[in-house]
Amino acid sequence: MNKPRILMARAVFPEIIERLQTVAEVEANQEDVLFTKAELVAKLQGKQGVFTTGTDRIDAEVLAACPELRICANMAVGYNNFDIPAMTAAGVVATNAPDVLTETTADLGFALMMATARRMAESEHYLRAGLWNRWSYDMFAGSDIHGATLGILGMGRIGQAIARRGALGFGMKVIYHNRSRLSVELEAECKARYVSKDHLLAQADHLMLVLPYSAASHHAIGAAELAQMKPTATLVNIARGGIVDDAALAVALKNRTIAAAGLDVFEGEPMVHPGLLDVPNVVLTPHIGSATMPTRLAMAGLAADNLLAFFSGQPLLTPLNPDPRTP
Ligand code: DGY
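Given the structure is predicted, the values throughout are model-derived calculations rather than measurements.

Caption draft 1: Inspection of the site of the ligand at higher detail. All residues adjacent to the ligand are Ala76, Val77, Gly78, Leu101, Arg240, His287, Ser290, Arg296 and Met299. Gly78 has a polar backbone atom sitting 2.8 Å from an oxygen atom of the ligand. In this structure, His287 approaches the ligand through a side-chain N or O atom, which is 2.7 Å from an oxygen atom. Alone, the ligand offers 240 Å² of accessible surface; in the complex the protein occludes 86% of this.

Caption draft 2: Up close: the environment of Asp264. Inspection of the secondary structure assignment puts Asp264 in the loop between β11 (260-263) and α12 (274-277). Through-space distance from the C-alpha of Asp264 to that of Ala60 is 29 Å; in sequence the pair is 204 residues apart. Within the local environment of Asp264, its side chain forms a polar contact with the backbone nitrogen of Ile288, the two atoms lying 2.7 Å apart.

Caption draft 3: Representation of the packing of helix α5 (residues 102-117) against helix α7 (residues 157-170) within the structure. Between α5 and α7, the least distance of the axes is 9 Å, while the angle of their chain directions is 55 degrees. When the axes of α5 and α7 are compared, the pair comes out oblique. By crossing handedness, the relation of α5 to α7 is classed as right-handed. Facing Thr102, Glu103, Thr105, Ala106, Asp107, Phe110 and Met114 of α5, the residues of α7 in contact are Arg157, Ile158, Ala161, Ile162, Arg165, Gly166 and Phe170.

Calculation criteria
- Residues numbered from 1 in each chain as written.
- Predicted model: local features only at pLDDT ≥ 70, side-chain atom pairs only at ≥ 80, totals over all residues.
- Heavy atoms only, no water.
- Near = heavy atom within 4 Å.
- Polar contact = N/O pair within 3.5 Å; in protein donor to acceptor, adjacent residues only side chain to side chain.
- Areas by Shrake-Rupley, 256 points an atom, 1.4 Å probe, with all protein chains shown as cover.
- Helix = DSSP H or I, 4+ residues; strand = E, 2+ residues; numbered from the N terminus.
- Axes fitted to C-alpha atoms, helices over the stretch in contact; angles between N-to-C directions.
- Parallel < 35°, antiparallel > 145°, perpendicular 65-115°, else oblique.
- Left-handed = near helix turned anticlockwise from the far one by under 90°.
- Contact = heavy atoms within 4.5 Å.

Next up, the structure:
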């Protein structure tokens with residue numbers, strides 16, 4: 001029987017390619033070429049599987065042009081690069097890579113919150129620029145993390161991991177808002193109290209965004225929401241670009257209607273809104289939430305395991321839509 005054929009849309013660990021080669025013919029992209037939609041469609045001709053990252057969009061147009069495609073395995077927990085209804089209609093399986101990145105991404109969220117509250121990037125630039133020639137009582141005075149109120153918008157696995165860090169490690173008061181409320185047991189474990197979105201915005205000293213991107217969460221934080229926050233508050237976005245209206249945020253930071261922000265994700269990344277590059281009170285990182293070597297290897301391994309399971313007739317590990325192989 002002919003081996004199935006898989007496209008790796010981006011460069012990945014060589015050992016992942018070797019594992020996939022045990023069941024499939026693999027076309028790698030170790031030069032890490034960023035394919036246009038037309039190039040991706042051309043590369044997918046004759047392929048039954050594709051290994052994607054969050055930057056590779058699979059939509060109805062791609063699916064219609066690639067009738068042999070059966071499975072798309074995303075090396076990311078977020079899957080807003082997939083049109084799931086279109087994939088389901090086309091009988092194409094989608095998988096993501098949850099859980100393996102939860103703690104690593106929560107670590108980055110917490111680090112970004114601390115760097116933002118304690119003005120670490122701003123003060124490092126000052127030092128590197130040779131401007132540090134004396135001490136003063138208010139030099140880079142920021143806000144406290146310990147004992148402060150941590151507000152979490154989106155309370156999935158990563159939100160819960162951040163709540164635990166805040167409550168158990170730093171004695172923070174944790175409040176959260178989510179589409180659905182956690183069970184009483186989980187709320188107790190995370191020491192988190194459910195509140196309305198308005199209450200969250202008004203009460204948080206540090207607001208952390210960890211909700212998935214969708215049409216419903218587009219600009220969940222815009223000018224009106226920023227205006228509800230305390231002038232001393234910080235905002236951290238480790239979720240997805242587009243959840244925050246970056247233009248409105250740049251204005252709020254410039255006018256100091258909130259104190260500072262920490263951003264790992266951006267609208268239209270890798271472009272960054274010029275207004276955010278212009279203000280000192282923002283810490284910027286290039287979408288590195290899950291970027292530790294063990295975690296990236298685990299994410300790639302889980303995406304590969306889904307492809308291996310699919311082509312060996314085994315149940316999928318982390319499916320996002322119905323598996324057409326099951327009756
Ligand atoms: C994810 O897994 O969704 C991350 O954003 C990718 O690093």
